[in-house]
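Structural characterization, general
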Amino acid sequence: MTTRIGEASPPVSERRVVGNVLRGSIGNLVEWYDWYAYAAFTTYFAKSFFPTKDTTAAFLGTAAVFAVGFLMRPLGGWMLGRFADRFGRRSALVLSVTLMATGSLMIAVTPTYASIGIAAPILLLIARLVQGLSVGGEYSTSATYLSEVATPGKRGFYSSFQYVTLYGGQLLALGLQLLLQSILTEQQLTSWGWRIAFVVGALAAVVVMILRRGMDESASFEEAKASGTGKDAGDKGTLRALIKYPKEIALVVGLTLGGTVSFYTFATYSQKFMENTAGIPRRTVTLILFCAILVAAILQPLAGKLSDRIGRRPLLMFFGIGGTLLTVPIMTLMGATKQPVFAFLLMLAGLVIVTGYTSINAIVKAELFPTKIRAIGVGLPYALTVAIFGGTAELIAQALKGAGHESVFFYYVAGCVLVSLIVYGTMRETSKTSELDNKKQPEPVSGR
């Protein structure tokens, strides 16, 4: 039975909600495993595609490909966001994981530079572009899906599982790296062992593609679809509809800027930073990152649940203030220490601060837009911001290190967080004004 917008939706059992969240999350986990396997195994395959005696130069080459992959995320956010708003969240999620499987398989089988020359880094680049397209659509659609299927009053808690699975994907990549480090030699890992990670990712993505075909569609989408017979029906997922919400678009950009730069600094770049700057052994660095991210993953639902009680803004303010004031000292100390335990504590401190953003950023953005443009509204401005700032964070860091000014990067990160802090301080509390818990479609801010 369908329900019209403005009417009460039939109650959904908590067990059904949990099942939907789990089925939506497992695909997100595999997608992010595939995405982070690249970052985790960069130290092993960098010279296979960018042959050089200078480790920093090789890392710079793979960082550039990592950054270029982000350029496809806005396109993915637009294409798959539009697809999700018009044809359903489930279909878009199946499509996104199919693209990820394709990209991972390409990386797994691409020959090295020694075998095919310049074609090797070109094929690596194409594979990352495909993966960028996938992740751009995955974020917006999964954020929308989790927010829409969650129980009212628990949306912060359930939507936080997007970053639980995001961190989980990174944990799987790091866990596999630790396993391979224990059974293969350094030479074997550098020669061919790193390919195992991408074979695993491709196979897992195929399995998830099959599982996602049996997911329930979001009730919010079904309700909007059933009632979408008016003059605005053709605007679903279009840029024409999205530009009616300029303030919300600006808010998504401001919300994301500091969070994405901080996240990629601590969750991905820190691996190369501790190895290349602090001089901590590679396997020890992997173990440090694994343990710190495991704790961060556990913190996500706790912070999300807290936001359901006290609101979203207090957590964002915690991140903004902490990131602005503490990023420089944390990174400075991390680069100077060779003590694994101290490095772990510093790494964890950075991730705890970032939790104020990661745990609730998906639900905050989803709460800004109505159903008909929620996926593209969340995905496109977010993906553009991540592509410009998150995807280039490691590239900027490596370039500054190569130029002998690595510490400038620490201030750059803190400055980005400060910009977001200003946004957090001026925005409204989204949990009290969202259409997700108020079936009346909100008007764009510019028209209020």
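Residues numbered from 1 in each chain as written. Predicted model: local features only at pLDDT ≥ 70, side-chain atom pairs only at ≥ 80, totals over all residues. Heavy atoms only, no water.

As annotated in an unreviewed UniProt entry, the protein chain is Putative proline/betaine transporter from Amycolatopsis thailandensis. Looking at the Sequence similarities (unreviewed entry) heading of the UniProt record, one finds this comment for the protein chain: "Belongs to the major facilitator superfamily. Metabolite:H+ Symporter (MHS) family (TC 2.A.1.6) family." One UniProt comment on the protein chain, placed under Function (unreviewed entry), says "May be a proton symporter involved in the uptake of osmolytes such as proline and glycine betaine." (UniProt positions renumbered as here; feature names shortened; annotations may be inferred.)

1. With respect to the packing of aromatic side chains
Using the criterion set out here, one finds 20 aromatic pairs in the structure. When the centroid spacing of 6.0 Å and the interplanar angle of 80° are considered together, the rings of Trp194 and Phe198 count as edge-to-face. Relative accessible area serves as the criterion here: at 0%, Trp194 is assigned to the buried category. Classification of Phe198 by relative accessible area gives buried; the value is 0%. For the pair Tyr269 and Phe273, a centre-to-centre distance of 5.7 Å together with 40° between the ring planes defines the contact as tilted. Of this pair, Tyr269 and Phe273 are both found in helix H12 (residues 246–276), four residues apart, which corresponds to roughly one turn of the helix. Sitting above the plane of the Tyr44 ring, Arg282 keeps its charged end 4.7 Å from the centroid. Over the ring of Phe157 we find Lys305; its NZ or CZ atom is 5.7 Å from the centre of that ring. (Phe/Tyr/Trp six-rings, centres within 6.5 Å; stacked < 30°, edge-to-face > 60°. Buried < 20%, exposed > 50% of the residue type's maximum accessible area, 1.4 Å probe, protein only. Helix = DSSP H or I, 4+ residues; strand = E, 2+ residues; numbered from the N terminus. Lys NZ or Arg CZ within 6 Å of the ring centre and 35° of its normal.)

2. Brief notes about a nonpolar patch on the surface
Nonpolar side chains collect at one region of the surface, where Leu75, Trp78, Met79 and Leu239 lie side by side and expose about 330 Å² of accessible area between them. Per-element tally for the nonpolar patch: the top contributor is helix H2 (residues 55–87), with three residues. Following the sequence through the fold, Leu75 ends up in helix H2. You can call Leu75 partly exposed: its relative accessible area is 34%. (Patch = residues over 30% accessible without salt bridge, like charges linked within 9 Å, V, L, I, M, F, W, Y side chains within 5 Å. Areas by Shrake-Rupley, 256 points an atom, 1.4 Å probe, with all protein chains shown as cover. Salt bridge = Lys/Arg side-chain N within 4 Å of Asp/Glu carboxyl O.)

3. Let's talk about helix H13 (residues 282–310)
The end-to-end C-alpha distance of H13 is 41 Å, a good match for the 42 Å that 29 residues give at a rise of 1.5 Å each. Maximum bend of H13: about 25°, positioned at Leu299, with proline Pro301 one to four residues after it. Remark: Gly311 follows H13 within two positions and exhibits a positive phi of approximately 105°. (Expected span 1.5 Å × (residues − 1). Bend = angle between axes of the 7 residues up to and from the residue.)

4. Let's talk about helix H15 (residues 340–358)
Residues lying three or four places apart along an α-helix face the same way, a consequence of the helix completing one turn every 3.6 residues. With 19 residues, H15 should cover 27 Å at 1.5 Å per step; its first-to-last C-alpha distance of 25 Å lies within 8% of that length. Regarding H15, the residues found buried are Ala343, Leu346, Met347, Leu348, Gly350, Leu351, Ile353, Val354, Thr355, Gly356, Tyr357 and Thr358.

5. Overview of the packing of helix H14 (residues 313–336) against H15
Packing of H14 against H15 leaves a shortest axis separation of 7 Å and a crossing angle of 155°. Accordingly, the angle class assigned to the pair H14 and H15 is roughly antiparallel. In the packing of H14 onto H15, the handedness of the crossing is left-handed. Note on element contacts: H15 touches H14 through Phe342, Leu346, Met347, Ala349, Gly350, Val352, Ile353, Val354, Gly356 and Tyr357, opposite Leu315, Leu316, Phe318, Phe319, Gly322, Gly323, Leu326, Ile330, Leu333 and Met334. (Axes fitted to C-alpha atoms, helices over the stretch in contact; angles between N-to-C directions. Parallel < 35°, antiparallel > 145°, perpendicular 65-115°, else oblique. Left-handed = near helix turned anticlockwise from the far one by under 90°. Contact = heavy atoms within 4.5 Å.)

6. What to know about the nonpolar core
If you look at the biggest cluster of nonpolar residues, it comprises 100 residues, and the most contacted ones within it are Phe198 and Phe263. If we ignore the near neighbours within four places in the chain, the residues touching Phe198 are Ala37, Tyr38, Phe45, Ser104, Ile107 and Ala108. (Core = buried A, V, L, I, M, F, W, Y, C linked by side-chain atoms within 4.5 Å.)

7. Structural notes on the packing of H14 against helix H18 (residues 406–426)
Packing of H14 against H18 leaves a shortest axis separation of 9 Å and a crossing angle of 165°. Compared by their axis directions, H14 and H18 come out roughly antiparallel. Our pair here, H14 against H18, has a crossing hand that is left-handed. Side by side, H14 and H18 meet where Arg313, Leu316, Met317, Phe319, Gly320, Ile321, Gly323, Thr324, Thr327, Val328, Met331 and Thr332 of the first sit next to Phe410, Tyr411, Val413, Ala414, Val417, Leu418, Leu421, Tyr424 and Gly425 of the second.

8. What about the pattern of salt bridges?
Enumeration according to the criterion identifies six salt bridges in this entry. Across the pair Glu394 and Lys272 runs a salt bridge whose closest N-O atoms are separated by 3.6 Å. Of this pair, Glu394 sits in helix H17 (residues 374–402) while Lys272 sits in helix H12, and the two are 122 residues apart along the sequence. In this structure, Glu394 and Lys272 share a single accessibility class: buried. Among the ionic pairs, Lys401 bridges to Glu406, the shortest N-O distance being 3.8 Å.

9. Quick look at the side chain of Thr165
Note that Thr165 resides in helix H7 (residues 161–183). Only 2.9 Å separates the side chain of Thr165 from the backbone oxygen of Phe161, close enough to count as a polar contact. Here Gln162 takes part through its backbone oxygen, which lies 2.9 Å from a polar atom of the side chain of Thr165. (Polar contact = N/O pair within 3.5 Å; in protein donor to acceptor, adjacent residues only side chain to side chain.)

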